[in-house]
Amino acid sequence: MYVIKHIKDVKIEIQKFTDQKKSIGFVPTMGALHEGHLSLIKRARQENDMVAASIFVNPAQFNNKEDLKNYPRTPDKDIESLKKTGCDLIFIPDDKEIYPEPDMRVFNFGDIDKLMEGKFRPGHFNGVALAVSKLFDIINPHRAYFGEKDYQQLLIVKALVKQLNIPIEIVPCPTIRESDGLAMSSRNRLITEENRKNVPIIYKTLSRAKELSTKMSVPEIKKTVISIINSTPDFMVEYFEIADCNTFFLINDWAETKNAIGCIAVYVSNVRLIDNIKF
Ligand code: AMP
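The rules behind the values
Residues numbered from 1 in each chain as written. Predicted model: local features only at pLDDT ≥ 70, side-chain atom pairs only at ≥ 80, totals over all residues. Heavy atoms only, no water. Near = heavy atom within 4 Å. Polar contact = N/O pair within 3.5 Å; in protein donor to acceptor, adjacent residues only side chain to side chain. Areas by Shrake-Rupley, 256 points an atom, 1.4 Å probe, with all protein chains shown as cover. 1 Å grid on protein atoms, 1.4 Å probe; cavity = no way out; pocket = protein on both sides within 12 Å on 5 of 7 lines; lining within 4 Å. Sits in = over half its atoms within 2 Å of the grid points. Helix = DSSP H or I, 4+ residues; strand = E, 2+ residues; numbered from the N terminus. Nonpolar A, V, L, I, M, F, W, Y, C, P; charged D, E, K, R; others polar. Buried < 20%, exposed > 50% of the residue type's maximum accessible area, 1.4 Å probe, protein only. Contact = heavy atoms within 4.5 Å.

Draft legend 1. Summary view of the site of the ligand. In the vicinity of the ligand lie 17 residues, with Met 30, His 37, Asp 150, Ile 176 and Met 184 positioned nearest. Contacts to the ligand include Asp 150, whose side-chain N or O atom sits 2.6 Å from an oxygen atom. In the environment of the ligand, a nitrogen atom lies 2.9 Å from a nitrogen or oxygen atom belonging to the backbone of Ile 176. Bound to the protein, the ligand loses 93% of the 480 Å² it would expose on its own. Of all the cavities here, the one that holds the ligand is the largest cavity. Elements that contribute at least two residues to the shell around the ligand include exactly β2 (24–29), α2 (35–47) and β5 (143–147). When grouped by side-chain class, the residues that make up the shell around the ligand number eight nonpolar, seven polar and two charged.

Below, the structure written as structure tokens:
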């Protein structure tokens, strides 16, 4: 397995695979890897001749300096896990490699990036699009793998390749959870022991909302979810919205779509977690 820091070296290695007409699967990550990330690597392994991953904590997508500083970093352990999972190449650039000078591009994703994560983390998706477009350009994969855990990000990346005519297939992968339902996340390791006991309430409440959706209206479900989670000590819902899975337009009535998704962001003390459920 190659572990590479510089763009020019990645391009040389990638070219060797391309010359042999090998298909390339790519998994971009910010590291602090867990089974959720590794599920993407495994899927890419099944569907491609060669698998590349990147580990880059992208400063452009953090709108909060403290959050960027506190983001967990475990590069040595990550390299070990990727090796064991069958990754062929890891690209670990530093900030200067990706942003040798400030990248001022402004993307327009219409309404998708104005709500939920886009509303509460202004500039977040523009930062995601900057990094992803650069990584796509460097790796030039046939397929790229993204988790449904970050559902809105998945839609943004799909919109990005469409807008820029990038010929990469975006492959959505299901959310991997702990046995108690908590969606795996690099941020989970920041949760205190005390809060960790209560945190399954998030997915439990989303699952309950799905059951109740045959009996309750959209506004009632939203109110119920928010009030259950907010009644847990140290938990504060930032948003819970229900949208169409494809257009991401918010709905107020179940009749507005056959494919609804409920997306939530919750502060558990100072740790911000997101999750979602398809109705
Ligand atoms: P991140 O390192 O958080 O930027 O995530 C890198 C990729 O892994 C993204 O496509 C995420 O959606 C995906 N991912 C993160 N957590 C999970 C999970 N629990 N299940 C599946 N995919 C995930």
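Draft legend 2. Molecular detail of the side chain of Arg 121. Mapped onto the elements, Arg 121 comes out in the loop between α6 (117–120) and α7 (124–139). Taking relative accessible area as the criterion, Arg 121 reaches 10% and is therefore assigned buried. Aside from chain neighbours lying at most four places away, what touches Arg 121 is Gln 61, Phe 62, Asn 63, Asp 67, Arg 187 and Arg 272.

Note that every value here comes from positions in space, so none of it alone points to a role or purpose.
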